[in-house]
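# Structure at a glance
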Amino acid sequence: MATFFTKKWKRIVILLSVVGFLIAVITIDSYAFMITLRKSYKVLQDQDPSQSYFSNTPAGYLPPKTNIVFLKVHKAASTTVQNILLRYALFHKLNVLLSKGSEGIHINEHSDVISENKIMSVPPNTQFNILTHHLIFNKKHISRFFPPDTVYVGIVREPYSRFVSSIYYYGTNWNYPSLKNLIAQNSDPVNAFLTNPHKYDLEKSRSFLNNRMSRDFGMPLPSIKRSLTDNRTTESFVKRVTYDLDLVLVTEHFDASVIMLKRLMNWTFKDILYIKINQLNTNVKRKTIANDRINRALYKKFAPSEFALYEHFLSIFLDKVKALGQDFAEEVEAFRQARQIVENFCAEIRGKINRTGLEVERTKWSLSFKITPQYCDLLEMNEGTMTDIVRLYQNNRLMKFLNEALDSNMH
């Protein structure tokens, strides 16, 4: 009898957990979220069986890889890459390493520590497949959660443009008081910051402006400080992360980057489609920078590790592109054309009630594929909503496993 009641209470606890999770999700934006969830369910249900990876595939096709860690760098088109990876996880029922709903979106923006009590569980005998949310990179810590064949991918962006973008993004979109005042009170906010950074960059260890790309790559704060006067500190750091990463994308060569990712992972054009996420709904107006050349020189002194990191990985990337030759260049162009067709289609049907689908032709490098209006919704979905949907589907898989385990134990 005692055993029966123990099992009964386990059921009740699980049920309450599910209810609590759903309440937390629904309160985010109840009606809008449920409509979005219905759309995502429909697009998953509508997936064409003929699009299977193992049928009608180009010659020389290899099975897709499913385990990938993406080093998400602030203000470097990382949210666009994240959307690609989260869509892939949804369609292939993969486990994403996610924070619990109460912990927000990110894993840890300010440390390389992954707290196991703050991340979502996955069913026993399964594993995490994808990491694509902000976390200070440390391969030793991350690899504990992923299988040995995991692919590790980073991204870099030209440092000065990333820095300028960050000032306006965090000062306008996020309304950081010091940066908001910086923009409002100065005709050249970038120059004002660089001539007196300590006045405006008040976050210190949580800074989004002080060598943030290097910090995201895992450079410790004391090393960032030493790098201002010691080139060997930066050289040692760059050497280490080069060893840790299988591929580093370059924002300024984004289409070529995602094709390189496609080839590395054995994916298709449809898998890597994108619409620039944070650019889609931005209304940020930047002031004209008259002293751009002077500001760039000042920033290079302020953030030498950023330039060393970028120039190193840009050089490696361009060497790879050159080695891949004409076939790679033609594939990039074919993808660019297919992506533009999809983006135009999604823009054309946005907001319309009676919406039809789109067929994109097969190429030498990828299968033909269909785009539904619901798929457009996923392409354009913001980070928060997309994360909530993946979290919900993942939680449902865990609850299904626990219920089946309880049922088998009760018989």
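Presented here is a report on the structure given in the accompanying data block.

Turning next to the pattern of salt bridges. Summed over all chains, the structure comprises 17 salt bridges. Between Glu158 and Arg296 there is a salt bridge; the shortest N-O distance is 3.0 Å. Here Glu158, found in the loop between strand 3 (151-156) and helix 4 (159-173), pairs with Arg296, found in helix 13 (residues 292-302); they are 138 residues apart in sequence, far enough to count as distant. The shortest N-O distance in the salt bridge between Asp327 and Arg263 comes to 2.9 Å. Of this pair, Asp327 sits in helix 14 (residues 304-349) while Arg263 sits in helix 11 (residues 254-265); the two residues are 64 residues apart in sequence, bridging distant segments of the chain. Connected through shared salt-bridge partners, Lys262, Arg263, Asp327, Glu331 and Lys364 make up one network.

Here we come to the nonpolar core. Core analysis: the largest hydrophobic core is formed by 89 residues, its most contacted members being Ile142, Phe146, Phe217, Val342 and Ile371. Among the elements that line this core, the one with the most residues is helix 14, at 14 residues.

For strand 3, the buried fraction is high: six of the six residues fall into the buried class. Judged by which residues are buried, strand 3 turns out to be covered on both faces: Val151, Val153 and Ile155 on one side and Tyr152, Gly154 and Val156 on the other are all buried. Two elements, strand 1 (residues 68-70) and strand 3, share three bridges in a ladder whose sense is parallel. What sits directly across from Phe70, in strand 3, is Val153.

The subject of this paragraph is the packing of helix 4 against helix 14. Closest axis-to-axis distance for the helix 4/helix 14 pair is 9 Å, and the angle between their directions is 125 degrees. By the angle between their directions, the pair helix 4 and helix 14 is classed as oblique. Side by side, helix 4 and helix 14 meet where Pro159, Tyr160 and Arg162 of the first sit next to Glu306, Phe307 and Tyr310 of the second.

As a further point, take the sheet that holds strand 1. Reading across from one edge, 2-1-3-4 is the order of the four strands in this open sheet, with parallel pairing throughout. Taken across any chain shown, the strands that pair with only one partner, and hence form the sheet edges, are strand 2 (130-131) and strand 4 (247-250). For strand 1 and strand 2, the ladder comprises two bridges, and the chain directions are parallel. Residue pairing in the sheet places Ile68 in a bridge with Ile130 of strand 2. Along the sheet, helix 11 makes contact with strand 1, strand 3 and strand 4, crossing strand 4 at roughly 155 degrees.

Cut-offs applied
Residues numbered from 1 in each chain as written. Predicted model: local features only at pLDDT ≥ 70, side-chain atom pairs only at ≥ 80, totals over all residues. Heavy atoms only, no water. Salt bridge = Lys/Arg side-chain N within 4 Å of Asp/Glu carboxyl O. Helix = DSSP H or I, 4+ residues; strand = E, 2+ residues; numbered from the N terminus. Core = buried A, V, L, I, M, F, W, Y, C linked by side-chain atoms within 4.5 Å. Buried < 20%, exposed > 50% of the residue type's maximum accessible area, 1.4 Å probe, protein only. Pairing = 2+ DSSP bridges. Axes fitted to C-alpha atoms, helices over the stretch in contact; angles between N-to-C directions. Parallel < 35°, antiparallel > 145°, perpendicular 65-115°, else oblique. Contact = heavy atoms within 4.5 Å.

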